[in-house]
Amino acid sequence: MPIGYIFVLITSLFRSFYAIPRKFAKTPPAVYTMFIALGASVVSIMFYLCESLLSGAFQSFANPYLLLSCLVGCLWSLGIVMFNKSIDDIGLSRCNQWKNLQGVIGAMLCLIFLAEYKTSNYLFIIAAAITILLSATLFTIKKSESEVKFIKRGVMLAASSSLIFGTCGLLEKIVTINNDVISTQQICFSVFAFITMSIFVLAQNKNLSQLAKPFARDNLLGLIAGAIYTSGQLFSIIANKIIPGSVAQTIIQFNGVWTVLIGIFIFKEIDFKSNWLRLSLGIILAVASIFLLMFA
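Thresholds, definitions, all that
Residues numbered from 1 in each chain as written. Predicted model: local features only at pLDDT ≥ 70, side-chain atom pairs only at ≥ 80, totals over all residues. Heavy atoms only, no water. Axes fitted to C-alpha atoms, helices over the stretch in contact; angles between N-to-C directions. Helix = DSSP H or I, 4+ residues; strand = E, 2+ residues; numbered from the N terminus. Parallel < 35°, antiparallel > 145°, perpendicular 65-115°, else oblique. Left-handed = near helix turned anticlockwise from the far one by under 90°. Contact = heavy atoms within 4.5 Å. Nonpolar A, V, L, I, M, F, W, Y, C, P; charged D, E, K, R; others polar. Expected span 1.5 Å × (residues − 1). Buried < 20%, exposed > 50% of the residue type's maximum accessible area, 1.4 Å probe, protein only. Polar contact = N/O pair within 3.5 Å; in protein donor to acceptor, adjacent residues only side chain to side chain. Phe/Tyr/Trp six-rings, centres within 6.5 Å; stacked < 30°, edge-to-face > 60°. Lys NZ or Arg CZ within 6 Å of the ring centre and 35° of its normal.

(A) Here's a closer look at the packing of helix α3 (residues 66–90) against helix α8 (residues 182–205). In the contact formed by α3 and α8, the axes pass within 7 Å of each other and the chain directions differ by 45°. Considering the angle they form, α3 stands oblique to α8. Helix-helix and strand crossings are classified by hand; for α3 and α8 the assignment is right-handed. For the pair α3 and α8, the contacting residues are L66, S69, C70, V72, G73, C74, W76, S77, L78 and V81 in the first and T184, Q185, C188, F189, F192, A193, T196, M197 and F200 in the second. By residue class, the composition of the contact of α3 with α8 is 13 nonpolar, 6 polar and no charged.

Quick look at the structure:
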C-alpha cells in the first residue's frame, strides 16, 4: 500500500513541473497544447514498445474500456487549452488553486459512481471544497485595476478546466480498474489528445504548418511539457491500481502547493513581502484542503 502513495506523490510533482514551460512559451494555447499532446504521444509509444519487448509480445488494444481513454484524451486536451490560457492571463500561482478544484470534483465523482461513498464521509469533501475556494480567493491578488478583466477570465478558464480534469479523473480510474496494460491506456489517451488538438488548430488556422517545426523553441517547450506530464501520468495509473481513486485524486492535489510556491518564489508573480499574511493563509488552506479530502 505505501508504494501507491509514493507513486501518487511523484505524480503531483510531475503535474506541477509540466506547467512551468508555458511560462516561457509565446505560441497560442491551442498550438502549444498540440505539442504537449505530441510529446505525450511520443513518450507513450516508447513506453509501449519497451513494455511489449520486455513481455515478448505486443500488448493488445482489444479492450472496450480503452474507448474511455480515447474520450479522456479528447476532454483533457480541451482542459489543457483552458489551463494554459489561464496561466497566460493570471500566472501559475493565481490560477492553479482554481484548477485544483478538480480534486474535489474527481473525488466526488469517484465516491458517487464507483461506490467509494460506502467508506467515505462527504462532509469532509464539502469542507475541502470550501477550503480550496478560500485558498484560491486568497491567491487571486490583483496588482492594478487594469488586471481585473484578465483575472476574471483567468479564474473562469481555470475553474472550467477543473470540471474537465475532475471528470477525466473518474474516467481514468474506471479504465484503470478494467485494463491491465498501462501502456495501451496511455497511448489511447495521448494520441487522441493529439488528434483532437490537431483538428482544433486546423479549424482555427486552416493549416498545421507548426508541426513542421517541432524543434522551434516554443514548440520544443510543449514537447517537453508533454513528456513530463506523461511520465507523471504513468505513475498515476500505477497508483490507481493500488489505492482508491478518491484518495489518488486527493494526494495529486499537492501539485497545487508546489505550483503556487514556484509561481511566487521563482517567477515572482506575487510580491510575497507585501502579501505574506494572505499568501501564507492561502498555502495553509491549500494543505488543509488536501488533508480534509484524505480524512474523507
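(B) Fine view of the packing of α8 against helix α9 (residues 217–242). Orientation of α8 relative to α9, taken along the N-to-C sense of each, is 135°, at an axis distance of 10 Å. One element, α8, and the other, α9, form an angle in the oblique class. When you trace α8 past α9, the crossing you get is right-handed. Contact residues: α8 offers I182, Q185, Q186 and F189, while α9 offers Y229, T230, Q233, L234, I237, I238 and K241. A class-by-class count of the residues in the contact of α8 with α9 yields 6 nonpolar, 4 polar and 1 charged.

(C) Structural context of α3. Relative to the 36 Å expected for 25 residues at 1.5 Å per residue, α3 spans 35 Å between its end C-alpha atoms, a close match to the ideal helical length. Immediately downstream of α3, the backbone of G91 shows phi near 85°, a positive value.

(D) Looking closely at the side chain of T259. Note that T259 resides in helix α11 (residues 255–265). According to the relative accessible area criterion, T259 is buried, its value standing at 1%. Within the structure, T259 has its side chain in polar contact with the side chain of S16 (distance 2.8 Å). Side-chain polar atoms of T259 contact the backbone oxygen of N255, separated by 2.7 Å. With near-sequence residues (within four places) excluded, T259 lies in contact with S16, L92 and N96.

(E) Expanded view of the side chain of S162. Structurally, the position occupied by S162 is in helix α7 (residues 148–178). Those residues in contact with S162 that lie beyond four places of it in its chain are W98, K99, L101, Q102 and I105.

(F) Representation of the packing of aromatic side chains within the structure. Taken as a whole, this structure holds 13 aromatic pairs when the rule is applied. Between the aromatic rings of Y18 and F83, the centroid separation amounts to 6.5 Å while the plane-to-plane angle is 45°, which identifies the pairing as tilted. Placement of the pair is Y18 in the loop between α1 (2–17) and α2 (29–55) and F83 in helix α3, with a sequence separation of 65 residues. Here the two residues Y18 and F83 agree in accessibility, since each one is buried. Taking the centre distance of 4.9 Å and the plane angle of 70° together, the rings of Y18 and Y229 count as edge-to-face. Within this pair, whereas Y18 is found in the loop between α1 and α2, its partner Y229 is found in helix α9, the two being separated by 211 residues in sequence. The exposure class assigned to Y229 is buried, which follows from its relative accessible area of 6%. Aromatic rings pair up to connect Y18, W76, F83, F189 and Y229 into one cluster. The cationic tip of R22 hangs over the ring face of Y32; the distance from NZ or CZ to the ring centre is 4.9 Å. Sitting over the face of the ring of F83, K99 holds its NZ or CZ atom 5.1 Å from the ring centroid.

Keep in mind these numbers describe shape, not what the thing actually does.
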